[in-house]
Amino acid sequence: MRLLEHVAKDILRRHGIRVPEGRVATSPEEAAEFARRHGRVVLKAQVPVGGRGLAGGVLFANSPDEAAALLARILGTRIRGYAVRKVLVEEAIQVAREFYISLTVDRSERSYLFLASDMGGVEIEELARRHPERILKIRVDPFEGYRRHVGRRIAKFLGLARDSWEAVDSIASAMYRIMLDVGAELVEVNPLALAADGSLVALDAKILVDDNSLPRDSELAKASREAYSEAELEAMDAGFSYVELEGDVGIVGNGAGLTMATLDLVKAYGGEPADFLDIGGGASSERVERAVRLLLANPRVKAILINIFGGITRCDEVARGIARALEGGARKPIVVRMVGTNEEEGRKLLESAGIAAFRDAEEAARRVVEIVRGGL
Ligand code: GDP
Ligand code: MN
């Protein structure tokens, strides 16, 4: 589970890492009121994706009026596909330098791994591609725990003067404690800023919590739901794996591998997937109906491709689910590829509902892309 920035920053603050003073605002008045007390402020759209800076989700305001106006402007818009429902308003920090620092789990080495770079603000994937030599990696053996030399090595690598070593050490050790306290898979501060006054401030924070550790913290489990759209929450509650993407071809599959392959096929034929939706094995007609309704309700989806390999999943059950989803009245073109258990029966059911079923996945993918592209 991911957390929104403001939730992640609360966790950092509780563990002694300095973050800018701020508040969550949902109205222009709240933003103006905060700006009156703090002067120049930053407004940050609370959406669960990075790259907000470039997408217009991080704005600076020099006066309370400007803060109010900017808040009114970004509230309700979409940043990289996510509706902005909350904005974090923070004191603007005077930044001298920006760093990257993160702690993650290195499964293959059975250890934790710190990454640090003096090129903060850039996404780590891009950094790793373009400047791997600018990334420091330090493993921490979970049986030994955090050791002070880690912070010192990071500080030296970042080129910080000796009087900042202590501060880097306390940030790194706090990140390690957060990792264990919330059961995180990732704790990332990007950028960590060296402020003009010489202090180190976490300007952005990203925490991914291991789903398996959510039951131990109901507050956190509740807070993490904020980072998901309505549809994603519904999918989660249904037990589907669902990820919204930026295209217009809705995709449903049974099994993660098959669903992935379906996305690839649609891409290969020139289409853009609108989602990844895996309904899992042995899906009942109710679950299929729920999945299809989810995509029918998504305004971005222009047509739906359903790819089913019937093993324990029965094609007739799937067909019944699809037909029932359409009884609600909402209609979008649906293309089905279906093979396996009770295939003939499933096909007949679909035909009587006016939906063509393919046996070949490539044909089905080509067809759905034709429909979306050509409006056929
Ligand atoms: P992201 O683009 O979604 O990762 O959002 P960030 O929170 O990292 O913000 C993007 C960029 O805005 C950062 O890399 C900083 O350069 C800048 N930024 C954010 N907050 C402040 C601030 O308080 N002061 C200054 N000077 N820059 C900031
Ligand atoms: Mn960032």
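One numbering rule holds for all chains: residues counted from 1, following each sequence as written. By the order in which they are written, chains take letters starting at A while ligands take numbers starting at 1. Thresholds applied to this predicted model are a pLDDT of at least 70 for local features of residues and 80 or more for the giving and counting of side-chain atom pairs; totals over whole chains, interfaces and linings are not thresholded and use all residues. As a convention, hydrogens and water are excluded, and side-chain values are obtained from all of the structure's heavy atoms.

(A) How the structure looks around the coordination of the manganese ion (ligand 2). For Na, K and Ca the donor cut-off is 3.2 Å, and for all other metals it is 2.8 Å, counting N, O and S atoms only; because water is absent from this set, sites may look incomplete. Looking at the manganese ion (ligand 2), the protein donor atoms are Asn190 (O) and Asp204 (OD), and they sit 2.2 to 2.3 Å from it. Linking Asn190 in strand E10 (residues 184-195) with Asp204 in the loop between strand E11 (200-202) and strand E12 (205-209), this pair joins segments that are 14 residues apart in sequence. A run of DSSP states H or I qualifies as a helix once it reaches four residues; a run of E qualifies as a strand once it reaches two. Both are numbered from the N-terminal end.

(B) Structural detail: the nonpolar core. Joining through side-chain atoms within 4.5 Å is the link that ties buried Ala, Val, Leu, Ile, Met, Phe, Trp, Tyr and Cys residues into a set, and such a set is a nonpolar core. Note on classification: 1.4 Å probe, protein chains only; a residue is buried when its accessible area is under 20% of the maximum for its type, exposed when over 50%, partly exposed between these limits. Core analysis: the biggest nonpolar cluster contains 49 residues, and Leu12, Ile17, Phe114, Ile154, Met175, Ile178 and Ile207 have the highest contact counts within it. Judged by nonpolar contacts, the second largest core, of 31 residues, contains Phe240, Leu277, Val288 and Met338.

(C) Inspection of the environment of Arg225 at higher detail. Summarising the element assignment, Arg225 is placed in helix H7 (residues 218-225). Take Arg225: its relative accessible area is 31%, and that puts it in the partly exposed class. Spatially, the C-alpha atom of Arg225 lies 8.3 Å from that of Met1, the residues being 224 residues apart in sequence. Between two residues, a contact is recorded if the distance between any of their heavy atoms is within 4.5 Å. Setting aside chain neighbours within four positions, we find Arg225 in contact with Leu233 and Asp237.

(D) Up close: helix H12 (residues 343-352). Among the residues of H12, those classed as buried are Glu343, Gly346, Arg347 and Leu350. All buried residues of H12 fall inside an arc of 100° around its axis, so they share one side. For H12, the exposed residues set more than 90 degrees away from the buried face come down to Lys348 and Ser352. Structurally, H12 contributes buried residues whose contacts are with helix H11 (315-327), strand E17 (334-340) and strand E18 (357-358). Once H12 ends, the next one or two residues include Gly354, with phi positive near 80°. Throughout, the arc means that of the directions going from the helix axis to the C-beta atoms.

(E) Spatial organisation of the packing of aromatic side chains. Between the rings of Phe, Tyr and Trp (Trp by its six-membered ring), a pair exists once the centres lie within 6.5 Å; its type follows the angle of the planes, with under 30 degrees stacked, over 60 edge-to-face, and the other angles tilted. All chains considered together, the criterion is met by three aromatic pairs. With centroids separated by 5.4 Å and ring planes inclined at 85°, the aromatic side chains of Tyr112 and Tyr176 adopt a geometry described as edge-to-face. Here Tyr176 lies in helix H6 (residues 165-182) and Tyr112 lies in strand E8 (residues 111-117), a separation of 64 residues in the sequence. Just as Tyr112 is buried, Tyr176 falls in that class too. When the ring of Tyr146 is compared with that of Tyr176, the centres are 6.2 Å apart and the planes differ by 40°; the resulting orientation is tilted. Pair noted here: Tyr146 is in the loop between strand E9 (135-140) and helix H5 (148-157) and Tyr176 is in helix H6, with a separation of 30 residues, a long-range link. Pair check on accessibility: Tyr146 and Tyr176 agree, each one buried. Put simply, the rings of Tyr112, Phe114, Tyr146 and Tyr176 touch in pairs and so form one group of aromatic residues.

(F) Structural context of the site of ligand 1. If you check the shell around ligand 1, you find 19 residues, and the closest are Lys44, Arg52, Gly53, Ile93 and Glu98. One nitrogen or oxygen atom from the main chain of Gly51 is found 3.2 Å from an oxygen atom belonging to ligand 1. Polar contacts, as counted here, are pairs of nitrogen or oxygen atoms within 3.5 Å of one another; within protein the pair requires one atom able to donate a hydrogen and one able to accept it, and residues that are adjacent in sequence qualify only if both atoms are side-chain atoms. Arg52 places a side-chain nitrogen or oxygen 2.7 Å from an oxygen atom of ligand 1. For ligand 1, the accessible surface in isolation is 570 Å², of which the surrounding protein chains cover 82%. Residues are grouped as follows: Ala, Val, Leu, Ile, Met, Phe, Trp, Tyr, Cys and Pro are nonpolar; Asp, Glu, Lys and Arg are charged; every other residue, Gly included, is polar. Partitioning the shell around ligand 1 into residue classes produces nine nonpolar, five polar and five charged. Put simply, a residue is near a molecule or strand once any heavy atom of it comes within 4 Å of that molecule or strand. Calculation of accessible area relied on Shrake-Rupley with a 1.4 Å probe; when residues are assessed, cover is drawn exclusively from the protein chains displayed.

(G) Main features of the pattern of salt bridges. When a carboxyl oxygen of Asp or Glu is within 4 Å of a side-chain nitrogen of Lys or Arg, the pair counts as a salt bridge. With the rule as written, the count across this model stands at 33 salt bridges. The residue Lys9 makes a salt bridge to Glu90 at a minimum N-O spacing of 2.7 Å. One end of the pair, Lys9, is in helix H1 (residues 5-14); the other, Glu90, is in strand E6 (residues 87-91), with 81 residues separating them in the sequence. Notably, a salt bridge pairs Arg148 with Asp169, separated by 3.4 Å at the nearest N-O pair. You can see Arg148 sitting in helix H5 and its partner Asp169 sitting in helix H6, a full 21 residues away along the chain. Bridged by salt links that share partners, the residues Glu5, Lys9, Lys44, Arg52, Glu90 and Asp204 form one connected network.

(H) Just the environment of Val252, in detail. Along the chain, Val252 turns up in strand E14 (residues 249-253). Along the backbone, Val252 and Phe276 are 24 residues apart, and their C-alpha atoms lie at a distance of 6.9 Å. When neighbours within four sequence positions are excluded, Val252 is seen to be in contact with Leu277, Ile279, Ala291, Leu295, Ile304, Leu305, Ile306 and Asn307.

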